[in-house]
Amino acid sequence: MKTTKLLMSMVIATTLFFVGCKPNDAAIQAAIQAKEAAGITVAVAKGEVTLTGEVDDEATKAKAEEIAKAEKGVKAVINNLTVKPADVPVVIAEDSALIKNVADATKDFPTVKAEVKDGVILLTGEIKKASLITLMQHLSALKPKKIDNKLTVK
Amino acid sequence: MALADKYKTLTDAATAAGIADLAVREQDGILYIDGTAADGATKDHLWEVYNQIDPNFTSGDLVLNVNVAIDAAVTHAKVITESSNLNIRKGPGTDQPIVGKAAHGEVITLVNRSNDLWWLVRTNDGEEGYCYAQYLEAQA
């Protein structure tokens, strides 16, 4: 009887010992997921954590990995997070360059008058419908802030 | 982001057409779309979509800057003026003296494309100078 009890308690103790030291994958997953920022998906298999999703910057990506590594029972972290490409800033040409380039671009459109001020190209006069797209394509390549089209389309 | 909605058909078309380095952002009430198209037809298609959304481009709330990608190996270009000859100038600018002309439809040699707007070319007669790049179509 005594031996049985002793054995039983040993089994329980052993079980508790293992459970305590090796949290299962689901528990690890839940614990890490709760700490990670939105947009990060956490998957755990045999103590190996895989992070997926898209984050704003490298710092966030590194932080997410640290959080996962700090969790008890984690053996390894595979960081598959991607960093969102930063928006390419809008480039607007200087007026001096723009004035010259607009003059070049509109040279073949004698009925079109173009003025440049603070990056804005103001178009007045008239144009044939067929030529309008060509003119707009030429002007859009010059990096203006805006094309203010007041042309009369014939 | 009302502008992004207004031009959604266009940005969707750009994505569908596989425009490289596509960047779409709104700044001070104007939407800027930049990118590189694989060919001239793709670029023209986007402009048609733009024209459908904003007939005759009168809204002034979009700058569509889509260029056509050119293979570095390309050495010749066709003159795509409407009908007239294309001026070849001493330097890059219409203020530069004209040193020669290339006929409409003529295929000429590309020497240097380091300037986006003005390409250095050489005609079959050996005249060398700068042409307005918008009137040249790179030959594959």
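The paragraphs below set out a description of the structure included in this document. Since the model is a prediction, treat every value here as computed from it, not as a measurement. (Residues numbered from 1 in each chain as written. Chains lettered and ligands numbered in written order. Predicted model: local features only at pLDDT ≥ 70, side-chain atom pairs only at ≥ 80, totals over all residues. Heavy atoms only, no water.)

A short note on the sheet that holds strand E3 (residues 76–83) of chain A
Residue and element names in this part refer to chain A. Spelled out, the test is: Two strands qualify as a pair provided that DSSP identifies no fewer than 2 bridges between them. Here a helix means four or more residues in a row that DSSP labels H or I, a strand means two or more in a row labelled E, and each is numbered from the N terminus. Helix axes use the C-alpha atoms of the stretch in contact, all axes being lines fitted to C-alpha atoms, and the angles between their N-to-C directions lie in the range 0 to 180 degrees.
A sheet is described by the order of its strands in space; here three strands give the open sequence E1-E2-E3, paired in mixed fashion. Among the strands making up the open sheet, the edge pair consists of strand E1 (40–45) and E3. Pairwise comparison of adjacent strand axes, ignoring direction, gives a mean angle of 10° for this sheet. Alignment of strand E2 (residues 48–55) against E3, held across eight bridges, turns out to be parallel.

Points about the packing of helix H2 (residues 8–16) of chain B against helix H3 (residues 40–53) of chain B
All names here are of chain B. Formally: The labels follow the angle: roughly parallel below 35 degrees, roughly antiparallel above 145, roughly perpendicular from 65 to 115, and oblique for the rest. For this analysis, residues touch if any pair of their heavy atoms sits within 4.5 Å.
Put simply, H2 and H3 touch, their axes get as near as 9 Å, and they point 170° apart. Here H3 runs roughly antiparallel to H2, going by the angle between their axes. Packed against H2, whose contacting residues are Thr9, Leu10, Ala13 and Ala14, the element H3 presents His45, Leu46, Val49, Tyr50 and Ile53 at the interface.

Notes on the sheet that holds strand E2 (residues 30–37) of chain B
Residue and element names in this part refer to chain B. Spatially, the three strands line up as an open sheet ordered E1-E2-E3, and their pairing is mixed. Both edges of this open sheet fall to strand E1 (20–27) and strand E3 (62–68), since each of them pairs with a single strand only. The sheet shows a mean angle of 5° between the axes of neighbouring strands, direction not considered. Where E1 lies against E2, six bridges are found, and the strand directions are antiparallel. Along E2, the bridge assignment pairs Val24 with Ile33.

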